[in-house]
Amino acid sequence: ALEQLARSAAERGADALAISPIHALSGADQRHYSPYSPSSRLLLNSLYASPAALLGERTVRLAIEACELQPTLDELERQSLVDWPRAADAQQRLLKALYKDFSQGNHPLREDFDSFRQAGGQALEHHCRFEVLQAEAMERGLGADWRNWPAAWHDPYHPEVEAFASAHPSWVEYHAFCQWLTERGLQRAQEAARGNGMAVGLIADLAVGADGAGSQGWSRQDGLLSELTVGAPPDILNRSGQDWGISAFSPEGLKRNGYRAFIEMLRANLAHAGGLRIDHVMGLRRLWLIPRGAKPSEGAYLNFPLDDLLRL
């Protein structure tokens, strides 16, 4: 739909098309669907994958028939509002069926998928492993928040995490498959925009933070303040203050690691976009941070290295 809209808007003289955040959400926790509270700002939300664009309409239609999904999809389409948990469940059932077919035999797009996975490197691998661990933790009754998991699972490099990933290679690959479909679809949308004459094309939207319980909080612990949440102090708008429930970068962690976390986030979000809207752009200068479990009024402003961030 985004590809069609981009092409249509370009033909009518538009130079840019701004979209809401499409950051990765939790695959296992379907009640958590705010685009401004993502699991990671480094990967994409696979609910937006358009598999037919890559795998073909016939392949998707056969998978829908095999899963007996059509009545559910028709019902969801008739609703006036998006039922995110049910829509997510339907999309995941479809994606799992497509992956099962893709992983059997030598698929003609296997080489493209393998090159995508290799290019995704550590960030992609860690996110896929987190998704598998989170689903397993929820199955065991440990919850979606990695901070409540066994100590060994807190460390992305721990031998137990390595062993678990090695024991479930197809689970890990499935999540990489979902990311591949989503990114290639986004790439097509930006190419349609620019190819039809847009000067800018897509303008992506960057959330102010990420869920501390999510993939980015787990894999980038030295760069993210997962024990603090972002919000706003009491004011005329809200006399109790606000707690947005997301975590911000650590200024010291950014400097200590040569701003790696900030740079990789910019690169990920500008990969298939001509511009980037930064949500709460004042957050590059300072953020109101609240200790986890405290009241918004008990927070404090933390300053960020604005000049360095703007230069980057």
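All values derive from a computational prediction rather than experimental measurement.

Digging into the pairing of strand E4 (residues 201-206)
Along E4, five of the six residues are buried, which leaves the element largely enclosed by surrounding structure. As paired elements, strand E1 (residues 16-18) and E4 share three bridges and run parallel to each other. Bridging from a neighbouring strand, Ala18 pairs with Ile203 of E4. Of the strand pairs in this sheet, E4 and strand E7 (residues 275-278) are connected by four bridges, and their pairing is parallel. Across the sheet, residue Leu206 finds its bridge partner in E7, namely Ile278.

Considerations on empty space enclosed by the protein
If a probe as big as a water molecule is rolled over the atoms, it shows which places are left empty. Applying the stated criterion across every chain yields a total of one cavity of 30 Å³ or more. The calculated volume of the largest cavity comes to roughly 170 Å³. For the largest cavity, the lining is made up of 18 residues, of which Arg41, Val208, Phe249, Gly283 and Leu284 are closest to its centre. Residue composition of the lining of the largest cavity, by class: 14 nonpolar, two polar and two charged.

Focus: helix H8 (residues 169-195)
An ideal rise of 1.5 Å per residue puts 39 Å on 27 residues; H8 measures up with 38 Å between its terminal C-alpha atoms. Of the residues flanking the end of H8, it is Gly197, one or two places downstream, whose phi is positive at about 110°.

So, helix H3 (residues 57-67)
The complete set of buried residues in H3 reads Val60, Ala63, Ile64 and Cys67. Burial along H3 is one-sided: seen end-on, the buried residues are contained in an arc of 100°. H3 presents Arg58, Glu65 and Ala66 as exposed residues on the side facing more than 90 degrees away from its buried surface. In this structure, the buried residues of H3 make contact with helix H2 (51-55), helix H4 (70-78) and helix H5 (84-103). Two residues or fewer after H3 comes Glu68, characterised by a positive phi angle close to 55°.

Some thoughts on the pattern of salt bridges
Overall, the coordinates contain 20 salt bridges when judged by the stated rule. Note that Glu75 is salt-bridged to Arg86, the shortest N-O span being 3.1 Å. Of this pair, Glu75 sits in helix H4 while Arg86 sits in helix H5; the two residues are 11 residues apart in sequence, bridging distant segments of the chain. In this structure, Glu173 engages Arg110 in a salt bridge whose closest nitrogen and oxygen atoms are separated by 3.0 Å. Pair noted here: Glu173 is in helix H8 and Arg110 is in helix H6 (residues 110-139), with a separation of 63 residues, a long-range link. No difference in accessibility class separates Glu173 from Arg110, as the two residues are buried.

Description of the sheet that holds strand E5 (residues 228-232)
Taken together, four strands build an open sheet; the order of strands is E6-E5-E8-E9 and the sheet is antiparallel. On the outer flanks of this sheet lie strand E6 (242-243) and strand E9 (300-303), each paired with one strand and no other. Bridge analysis of strand E8 (residues 286-291) against E9 gives four bridges, and the strand direction is antiparallel. Its bridge partner being in E9, Leu289 is matched across the sheet by Ala300.

Description of the environment of Gly241
Within the secondary structure, Gly241 is located in the loop between E5 and E6. With 55 residues separating them along the chain, Gly241 and Pro296 place their C-alpha atoms 5.2 Å apart. Sequence-distant contacts of Gly241, that is, excluding residues within four places in its chain, are made with Ala232, Pro233, Pro234 and Pro296.

Some points on the side chain of Gln30
Mapped onto the fold, Gln30 is located in the loop between strand E2 (23-24) and strand E3 (40-44). Within the structure, the side chain of Gln30 is placed 2.6 Å from the backbone oxygen of Gly27, a separation counted as a polar contact. With residues near it in sequence (within four places) discarded, Gln30 still touches Pro85, Ala88 and Gln92.

Parameters and conventions
Residues numbered from 1 in each chain as written. Predicted model: local features only at pLDDT ≥ 70, side-chain atom pairs only at ≥ 80, totals over all residues. Heavy atoms only, no water. Buried < 20%, exposed > 50% of the residue type's maximum accessible area, 1.4 Å probe, protein only. Helix = DSSP H or I, 4+ residues; strand = E, 2+ residues; numbered from the N terminus. Pairing = 2+ DSSP bridges. 1 Å grid on protein atoms, 1.4 Å probe; cavity = no way out; pocket = protein on both sides within 12 Å on 5 of 7 lines; lining within 4 Å. Points joined across faces, edges and corners; volume = space filled by probe spheres on them. Nonpolar A, V, L, I, M, F, W, Y, C, P; charged D, E, K, R; others polar. Expected span 1.5 Å × (residues − 1). Arc of directions from axis to C-beta. Contact = heavy atoms within 4.5 Å. Salt bridge = Lys/Arg side-chain N within 4 Å of Asp/Glu carboxyl O. Polar contact = N/O pair within 3.5 Å; in protein donor to acceptor, adjacent residues only side chain to side chain.

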